[in-house]
Amino acid sequence: MLVGGTLDGDGSVQVTGVSGLEQARPGQLSFFGNQKYKKALAATKASVVLVQAGAPDRGAKTYIVVGNPPLAFAKVAQKFHPARQYVAGVSPKATVHPTAQVHATATVMDFVTVGQGAVIGARAVLYPGVYLGEAVSIGEGTVLKANVSVMDGCVIGARCLLHASAVIGADGFGFALDMSVPEHVKIPQAGIVRVEDDVEIGACSCVDRATTGETVVGKGSKIDNLVQVGHNSTVGPLSILCAQVGLAGTTELGTGVVLAGQVGVAGHLRIGDLSKVGAQAGVISDLADGSVVMGAPSMPSRDFMKSSAVFVRLPELHRELRDLKKRLEALEKGKTPS
Amino acid sequence: MLVGGTLDGDGSVQVTGVSGLEQARPGQLSFFGNQKYKKALAATKASVVLVQAGAPDRGAKTYIVVGNPPLAFAKVAQKFHPARQYVAGVSPKATVHPTAQVHATATVMDFVTVGQGAVIGARAVLYPGVYLGEAVSIGEGTVLKANVSVMDGCVIGARCLLHASAVIGADGFGFALDMSVPEHVKIPQAGIVRVEDDVEIGACSCVDRATTGETVVGKGSKIDNLVQVGHNSTVGPLSILCAQVGLAGTTELGTGVVLAGQVGVAGHLRIGDLSKVGAQAGVISDLADGSVVMGAPSMPSRDFMKSSAVFVRLPELHRELRDLKKRLEALEKGKTPS
Amino acid sequence: MLVGGTLDGDGSVQVTGVSGLEQARPGQLSFFGNQKYKKALAATKASVVLVQAGAPDRGAKTYIVVGNPPLAFAKVAQKFHPARQYVAGVSPKATVHPTAQVHATATVMDFVTVGQGAVIGARAVLYPGVYLGEAVSIGEGTVLKANVSVMDGCVIGARCLLHASAVIGADGFGFALDMSVPEHVKIPQAGIVRVEDDVEIGACSCVDRATTGETVVGKGSKIDNLVQVGHNSTVGPLSILCAQVGLAGTTELGTGVVLAGQVGVAGHLRIGDLSKVGAQAGVISDLADGSVVMGAPSMPSRDFMKSSAVFVRLPELHRELRDLKKRLEALEKGKTPS
């Protein structure tokens, strides 16, 4: 069986598709991966649910007990929704520079521009409106959705997926103020972006080119929509950057770092391996490996939750403090307050 | 008269255009909708101002007293700035799949791609660079500005307006970690986005497709620029999402919800009808209908403002606390401090 | 010499390129502009470093002592990385309206749309996928990267640089609620955007057109990626808006204002000249010239840092307060607590 696991229930159920617990219809397979969704599990119409050992009562459903339900679900779902196949070839409505090398199995759709000296790997797919600058390299099996722009010299690895309107290799944001004019003098952004293999980058996300050297998105990292990765930053392998995250510049994320939505990380910092940063946090100092932080400026998540609980009560604390002060003054004067 | 209302002043003034109080020139009509702008009202050069009963002294201006000045203004402004008319037809420089159905009154401009089985309604308008995937449906009178991407299977209702570079139907952000490799295994995103009628979506905003089922933007909702709507979320009808808002995923907004700029809402929550969330707030728990919240984590706005007022004074409170402690210790030792 | 300055070390070193301290190789020139990077200075492989007087021991490196190292570096770097030269002419694969005026020295690449009555200045460059609406004006030497959209009537000055997928002139976000339907009635956005000379605007950044009049980005201002500038805002000259900043609407920034990443500024405010707003701050009231603020709501940065230091200790303070209260009660009862 695809997912392994132990069957608990009717083994003859025919699975016709996959779905989340809440959207599932009879005949579908779903998964229960988090105790938060106990209610959804009880109410689901899914016929089969992937669960961990010790899941709540299964009722009339069939359970398959596996070690990692979301992972098992992902694998089953991939069977039901195989990757789309593309017809190879270069559209006559695309513009491919004569010096560019496009693999015979690649797909280049209409209104695509492929710049001088660019290299497009096997089975790569460029959707309409994609722009590739000079000397851009696109790895095997990588898919660039509509209106993606990859600027001069940037390198995208194999099996990557870039969603619509992502921008790779816009200039880093670097200027020097000349007060004598006055003007902000542009520091040329002469580096590139290197996106390693198996990376996904969301719609309208921006990874800026380095001033010199490389901005790097490491192997297997996944970046959501509307994310900003500043120049000369390094996103370690296997990291997760949720929507609207911003990395300032020369920021170094270790391996397997998770940044929740709208997190901001200041420049010239190192975020240690496997660190987890809560939504909207603002990180302004290095984080050791395995840090779990929230807040702005960020602090250990447990501390943040405790301090936040007190924050709500600050007006009350303030009143109490004033009250204590009065009573203390009264005592100091040798009498209790009226 | 278009707006109804009661005239207070010179009824013979010829209105030549509309404008905000601050930008208005003589001959123009403006409106006063918020007591905050009393100064602008006093200083305006507008000849006619739409006001509510009880507005400040009108000076030499003409007032028209109406129930809802901004609404009356919107209606007058629409008369002065009627919707643009487009020439129907498909540009020979567009690519329309032979199986796609484009209504005879629709406008398809240059460099547009219309995918297999797509359906374009009457008077719909596709600006240059628009990409429509397979089986996309665009309702009557809907306008997609330049470089908008609508991915496979997504449905856009009637009379919608999508601004440049908006992306509808990029993959939801879903992965399962396989530690044995290690890698983040992609959970296929097989659902769609359904945008109901009369919706406006801002430039570079992203509405992700559902994992299974639908991500929904409800009828009459208005979404500003650079907004992220995560997979399987539901934006209730008549909601307002200001710029840079982010909804994580499987987030449910009720009817008439207002999220101010840069708000973040965590996943698997319900935000009740008519709730108002202040700018930059972070919502991490369900909100009852009619909630008015601010802060991160969010709390009732009144509480947030009070707590914020104390936050500024925390160092002072801290000092006072230490002082009280010393004095108390002194008292406990049976003497007042020196 | 290009940068002026005083030589300290081996004047015969041949500089082969420029780089940041951390990425530099032997033969390269770098700069030391901030005491934070003392370690990087000590460890750099750069052969020549631009420094201010009083820099740390130079070791085997050559120093050039200048007044403003980043500025000197920018100027040297521009020599090593001169601006790209473009071949003038209009691609036959572009669509230029017959009434548009394109300067003979301008470059219009494939799949570009130039609307009715648009004017393109000398040496301006339009990358593939650029969309210019009716009556758009593009100044001399201005470069619009791939998939940039500039909507009807907007004016871009000379020597500007707009990065990929930037959107200039999408509709401002203005509606009036008509409860009788109910619906949000659109307030027509009939104004324009005016971007003055020497402005840089980042990838996927959005500057909305005014309701009436103009939204203005002042001369020499630099805007990073994914920034939102709301309708009728004015960004004063020489301002710096870092990534993911949001200006609500009718916001006025003075001269030389610096907004760090993810800052939000509410509408109808004035931010005084030379103000500096820290990352993620939320500004909800006017700021005097020269303000230096952080936090949300924003406050003087020094106060924010002090209050934040106490915030982390709030649970401890809370405990101390309760302890003091108990002890005080005991004293009030005439006895010390057990």
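Right, let's walk through the structure included here.

What counts and what doesn't
- Residues numbered from 1 in each chain as written.
- Chains lettered and ligands numbered in written order.
- Predicted model: local features only at pLDDT ≥ 70, side-chain atom pairs only at ≥ 80, totals over all residues.
- Heavy atoms only, no water.
- Helix = DSSP H or I, 4+ residues; strand = E, 2+ residues; numbered from the N terminus.
- Rg over C-alpha atoms; globule rule 2.2 N^0.38 Å.
- Buried < 20%, exposed > 50% of the residue type's maximum accessible area, 1.4 Å probe, protein only.
- Pairing = 2+ DSSP bridges.
- Least-squares fit on C-alpha atoms with pLDDT ≥ 70 in both.
- Contact = heavy atoms within 4.5 Å.
- Buried area = accessible area lost by both parts, 1.4 Å probe.
- Salt bridge = Lys/Arg side-chain N within 4 Å of Asp/Glu carboxyl O.
- Polar contact = N/O pair within 3.5 Å; in protein donor to acceptor, adjacent residues only side chain to side chain.
- Nonpolar A, V, L, I, M, F, W, Y, C, P; charged D, E, K, R; others polar.
- Lys, Arg positive; Asp, Glu negative; His and termini not counted.
- Axes fitted to C-alpha atoms, helices over the stretch in contact; angles between N-to-C directions.
- Left-handed = near helix turned anticlockwise from the far one by under 90°.
- Parallel < 35°, antiparallel > 145°, perpendicular 65-115°, else oblique.
- Phe/Tyr/Trp six-rings, centres within 6.5 Å; stacked < 30°, edge-to-face > 60°.

1. Points about the overall build of chain A
- If you tally the helices and strands in chain A, you get four helices and 38 strands.
- Relative to the 2.2 N^0.38 estimate, which gives 20 Å for 338 residues, the radius of gyration of chain A is 27 Å and therefore markedly larger than a compact globule would have.
- With respect to the three principal axes, the spread of C-alpha positions in chain A is 95 × 80 × 30 Å.
- Looking at the 338 residues of chain A, the share that counts as buried comes to 58%.

2. A word on the sheet that holds strand E28 (residues 234-235) of chain A
Residue and element names in this part refer to chain A.
- Read across the sheet, nine strands follow the order E8-E11-E14-E17-E22-E25-E28-E31-E34 without closing on themselves; strand pairing throughout is parallel. Taken across any chain shown, the strands that pair with only one partner, and hence form the sheet edges, are strand E8 (101-102) and strand E34 (270-271).
- Examined bridge by bridge, strand E11 (residues 119-120) and strand E14 (residues 137-138) share two bridges and lie parallel to one another. Along E14, the bridge assignment pairs Val 119 with Ser 137.

3. Side note on the sheet that holds strand E14 (residues 137-138) of chain B
- Taken together, nine strands build an open sheet; the order of strands is E8-E11-E14-E17-E22-E25-E28-E31-E34 (chain B) and the sheet is parallel. Each having just a single partner strand, strand E8 (101-102) and strand E34 (270-271) of chain B make up the two edges of the open sheet.

4. Considerations on the relation of the copies chain C and chain A
- Mapping chain C onto chain A calls for a rotation angle of 120 degrees and an axial translation of 0.0 Å; the resulting RMSD is 0.1 Å. A rotation of that kind, with that shift, is consistent with a three-fold axis.

5. Here we look at the interface of chain C and chain A
- Between chain C and chain A, the contact holds 61 residues from the first and 71 residues from the second.
- When residues of chain C are sorted by the area they lose upon contact with chain A, Phe 111, Phe 311 and Leu 321 of chain C head the list and together hold 11% of the total.
- For the interface between chain C and chain A, the tally reads six salt bridges.
- Between Arg 84 of chain C and Glu 134 of chain A there is a salt bridge, and its shortest N-O distance comes to 3.3 Å.
- At the boundary of chain C with chain A, the tally comes to 27 residue pairs in polar contact (both at pLDDT 80 or more).
- Broken down by secondary-structure element, the contributors of at least two residues to the side of chain C that touches chain A are helix H2 (69-80), strand E26 (222-223), strand E29 (240-241), helix H3 (301-311) and helix H4 (314-332) of chain C.
- With 10 residues, H4 of chain C is the largest single contributor of residues to the side of chain C that touches chain A.
- Here the residues of the side of chain C that touches chain A are counted per class, giving 32 nonpolar, 16 polar and 13 charged.

6. Focus on the side chain of Lys 222 of chain B
- Residue placement: Lys 222 of chain B occurs in strand E26 (residues 222-223).
- No salt bridge is formed by the buried Lys 222 of chain B; the nearest opposite charge belongs to Glu 200 of chain B, separated by 5.0 Å.
- Polar side-chain contacts of Lys 222 of chain B include one of 2.9 Å to the backbone oxygen of Asp 198 of chain B.
- In contact with Lys 222 of chain B, other than residues within four places in its own chain, are Asp 198, Glu 200, Ser 239, Ile 240 and Leu 241 of chain B together with Phe 173, Phe 175 and His 184 of chain C.

7. Topic: the packing of helix H4 (residues 314-332) of chain A against H4 of chain C
- Remark: H4 of chain A packs on H4 of chain C, axes separated minimally by 10 Å, with the N-to-C direction vectors making an angle of 30 degrees. Our pair here, H4 of chain A against H4 of chain C, has a crossing hand that is left-handed. Residues Leu 314, Leu 317, Glu 320, Leu 321, Leu 324, Arg 327, Leu 328 and Leu 331 of chain A of H4 of chain A pack against Leu 314, His 318, Leu 321, Leu 324, Lys 325, Leu 328, Glu 329, Leu 331 and Glu 332 of chain C of H4 of chain C.

8. Concerning the environment of Leu 314 of chain A
All names here are of chain A.
- Among the structural elements, Leu 314 can be located in helix H4.
- The buried category is assigned to Leu 314, whose relative accessible area is 1%.
- For the pair formed by Leu 314 and Leu 259, sequence separation is 55 residues and the distance between their alpha carbons is 29 Å.

9. Considering unusual backbone geometry
- Cis geometry marks the peptide bond from Val 181 of chain C to Pro 182 of chain C, where omega comes out at -10 degrees.
- Summarising the element assignment, Pro 182 of chain C is placed in the loop between strand E20 (175-178) and strand E21 (183-186).
- In the segment running from Ala 296 of chain C into Pro 297 of chain C, the intervening peptide bond is cis, with an omega of 0 degrees.
- At Phe 111 of chain A, a residue that is not glycine, the phi angle is positive and equals roughly 60 degrees.
- Note on placement: Phe 111 of chain A falls in the loop between strand E9 (107-108) and strand E10 (113-114).
- In this structure Phe 111 of chain A comes out as buried when scored by relative accessible area, which is 6%.
- One non-glycine residue with positive phi stands out, namely Ala 135 of chain C, at about 60 degrees.
- Structurally, Ala 135 of chain C can be placed in the loop between strand E13 (131-132) and strand E14 (137-138).

10. A short note on the side chain of Ser 221 of chain A
- Tracing the backbone through its elements, the reader meets Ser 221 of chain A in the loop between strand E25 (214-217) and strand E26 (222-223).
- Setting aside residues up to four positions removed in sequence, Ser 221 of chain A forms contacts with Asp 198, Val 199, Glu 200, Val 235, Gly 236, Pro 237, Leu 238 and Ser 239 of chain A.

11. So, the interface of chain B and chain A
- On the chain A side, the residues contacting the 71 residues of chain B number 61 residues.
- Together, the buried faces of chain B and chain A total about 5,100 Å²; carbon and sulfur atoms form 65% of this surface.
- Put simply, chain B and chain A have six salt bridges between them.
- Between Glu 320 of chain B and Lys 325 of chain A there is a salt bridge whose closest N-O contact spans 3.8 Å.
- Inspection of the region where chain B meets chain A yields 26 residue pairs in polar contact (both at pLDDT 80 or more).
- Of all the elements in the fold, those that place two or more residues in the side of chain B that touches chain A are strand E20 (175-178), strand E21 (183-186), helix H3 (301-311) and helix H4 (314-332) of chain B.
- Sort the elements by how many residues they give to the side of chain B that touches chain A and H4 of chain B lands first, with eight residues.
- In the side of chain B that touches chain A, the residues fall into 38 nonpolar, 21 polar and 12 charged.

12. Observations concerning the pairing of E21 of chain C
All names here are of chain C.
- Pairing analysis gives four bridges linking E20 to E21, with the strands arranged antiparallel. Following the sheet pairing, Asp 178 is matched in E21 by Glu 183.
- Joining the antiparallel neighbours E20 and E21 is a turn of four residues.

13. Some remarks on the pattern of salt bridges
All names here are of chain C.
- Tallied over the full model, the rule gives 57 salt bridges over all chains.
- Across the pair Glu 316 and Arg 313 runs a salt bridge whose closest N-O atoms are separated by 2.9 Å.
- Take Arg 313: its relative accessible area is 35%, and that puts it in the partly exposed class.

14. Regarding the packing of H4 of chain A against H3 of chain B
- Running from N to C, H4 of chain A and H3 of chain B cross one another at 50 degrees; their axes reach a closest spacing of 8 Å. Here H3 of chain B runs oblique to H4 of chain A, going by the angle between their axes. Each of Leu 314, Pro 315 and His 318 of chain A in H4 of chain A lies in contact with H3 of chain B, whose residues at this interface are Lys 306, Ser 307, Val 310 and Phe 311 of chain B.
- Across the contact of H4 of chain A with H3 of chain B, the residue classes break down as four nonpolar, two polar and one charged.

15. Side note on the packing of aromatic side chains
- Considering all chains together, one arrives at 21 aromatic pairs over all chains under this definition.
- The interplanar angle of 80 degrees and the centroid separation of 5.2 Å between the aromatic rings of Phe 173 of chain A and Phe 175 of chain A together place this pair among those described as edge-to-face. Phe 175 of chain A shares its class with Phe 173 of chain A; the two are buried.
- Residues Phe 311 of chain A and Phe 304 of chain B carry aromatic rings whose centres are separated by 6.2 Å and whose planes lie at 50 degrees to one another, so their mutual orientation is tilted. Separated into two different chains, Phe 311 of chain A in helix H3 (residues 301-311) and Phe 304 of chain B in helix H3 make up a pair that spans both.
- Under the relative-accessibility criterion, Phe 311 of chain A is labelled buried at 10%.
- Assessed through its relative accessible area of 9%, Phe 304 of chain B is described here as buried.
- Of the aromatic side chains, those joined through ring pairs into one cluster are Phe 304 and Phe 311 of chain A, Phe 304 and Phe 311 of chain B together with Phe 304 and Phe 311 of chain C.

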